[in-house]
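Close look at the chain arrangement
Okay, here's what each chain looks like letter by letter:
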Amino acid sequence: AQSVTQLDSHVSVSEGTPVLLRCNYSSSYSPSLFWYVQHPNKGLQLLLKYTSAATLVKGINGFEAEFKKSETSFHLTKPSAHMSDAAEYFCVVSEGLAGRRALTFGSGTRLQVQP
Amino acid sequence: SAVISQKPSRDICQRGTSLTIQCQVDSQVTMMFWYRQQPGQSLTLIATANQGSEATYESGFVIDKFPISRPNLTFSTLTVSNMSPEDSSIYLCSVEGNIKNTEAFFGQGTRLTVV
C-alpha cells in the first residue's frame, strides 16, 4: 500500500526567500512521485514528476525536487519565492502498472508568500 | 497529453436529488478515476472505472451512493445520489497518460453545493 505524508500543513515565506515543502512517502514498489499545485478556484497543475530516472527533478516555475530513497522523501524546493507561488501544494504517489494507477494524495501544504 | 472535459463545472442542488457528472477524454484510456475534494481538504479517490466492468470503489464509498458508468474508452459519468450537504465538494475526473507518459491529467472539476 502507498501513502504520503506532507509534514507541514502551512508554510509562510517572504518573497525572494527559499521555499521548502516536505514530503515523505511509503510504497511497496518503485513509486512514481509528483508534486501538483492548486491555485484558488483553479484546477490541478503538475509541477514535476519523478519516474525512476534522475533523482533530482526540475519542474516548472523554478521548482525542483529530489528523490531520496534512503530517506523515503521527495521534498519540493525553490530558491526564491514569488508572490504568484502562493497556493496549495500536493505531494502525490502512484505505483503499479502505467495506465492503471490511482494516485494517493498527501494532505496538502498551503504556501503563503509575504511581501 | 490528455485533455479532459468535465461538466458541469459547478452546480447548486437541493438535498435529496441526484447529479450526474460527465467526463470526456480526447483519447482512449484504460482506466478513469474519480476523486472528491471536500472543502479545505486533499483529494480522495472515490472509484476506478474500467470500460466494460463494474467500477471498483474505495473504502467509504459505495455504488448506491456514487454509481459510475464507463460505456467506452473515452467517457465516464459519476452520479452523486440522494445528496446531502455533506456531499458538497469538488469532484474530479482523472486519467493517466500512456505507457511512456506516467503523468495524470485532471478535469477542471465539478464544484457541487448541496443546499
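Quick note: structure is the one above.
Structure report, in brief. The structure presented is a predicted model; accordingly, all values stated were derived computationally and were not measured.

The rules behind each value
- Residues numbered from 1 in each chain as written.
- Chains lettered and ligands numbered in written order.
- Predicted model: local features only at pLDDT ≥ 70, side-chain atom pairs only at ≥ 80, totals over all residues.
- Heavy atoms only, no water.
- Phe/Tyr/Trp six-rings, centres within 6.5 Å; stacked < 30°, edge-to-face > 60°.
- Helix = DSSP H or I, 4+ residues; strand = E, 2+ residues; numbered from the N terminus.
- Buried < 20%, exposed > 50% of the residue type's maximum accessible area, 1.4 Å probe, protein only.
- Salt bridge = Lys/Arg side-chain N within 4 Å of Asp/Glu carboxyl O.
- Disulfide = S-S within 2.5 Å.

Going through the model one piece at a time under the given rule, you end up with 13 aromatic pairs over all chains. Plain terms: the ring middles of A:Phe105 and B:Tyr35 are 5.7 Å apart, the flat faces sit at 75 degrees to each other, and that makes the pair edge-to-face. Taken together, the residues A:Phe105 in strand S11 (residues 104-105) and B:Tyr35 in strand S4 (residues 31-37) connect one chain to another. Relative accessible area serves as the criterion here: at 0%, B:Tyr35 is assigned to the buried category. Seen from their ring centres, B:Phe61 and B:Phe66 are 5.6 Å apart, and the 65 degrees between their planes marks the pair as edge-to-face. Exposure class is identical for B:Phe61 and B:Phe66. Each is buried.

All names here are of chain A. Scanning the entire structure with this criterion turns up five salt bridges over all chains. Residue Asp8 is joined to Arg22 by a salt bridge in which the shortest nitrogen-to-oxygen separation is 3.0 Å. Residue Asp8 is located in the loop between strand S1 (3-6) and strand S2 (10-14), and its partner Arg22 is located in the loop between strand S3 (19-21) and strand S4 (23-26); the two are separated by 14 residues in the primary sequence. Of the charged contacts, one joins Lys78 and Asp85 as a salt bridge, the two residues approaching to 2.7 Å between their closest N and O atoms.

Enumeration over the complete set of coordinates arrives at two disulfides over all chains. A sulfur-sulfur distance of 2.0 Å marks the disulfide that ties A:Cys23 to A:Cys91. Taking the torsion about the sulfur-sulfur bond, which here is approximately -65 degrees, the covalent link between A:Cys23 and A:Cys91 counts as left-handed. Placement of A:Cys23 in strand S4 and of A:Cys91 in strand S10 (residues 87-94) is noted, with a sequence separation of 68 residues between them. The class for A:Cys23 is buried, based on a relative accessible area of 0%. Residue A:Cys91 is classed as buried on the basis of its relative accessible area of 0%. The disulfide bridge from B:Cys23 ends at B:Cys93, spanning 1.9 Å between sulfur atoms. Judged by the torsion about the S-S bond (-65 degrees), the B:Cys23/B:Cys93 disulfide is left-handed. Taken as a pair, B:Cys23 in strand S3 (residues 19-25) and B:Cys93 in strand S9 (residues 89-96) lie far apart in primary sequence, 70 residues in all. Each member of the pair B:Cys23 and B:Cys93 is classed as buried.

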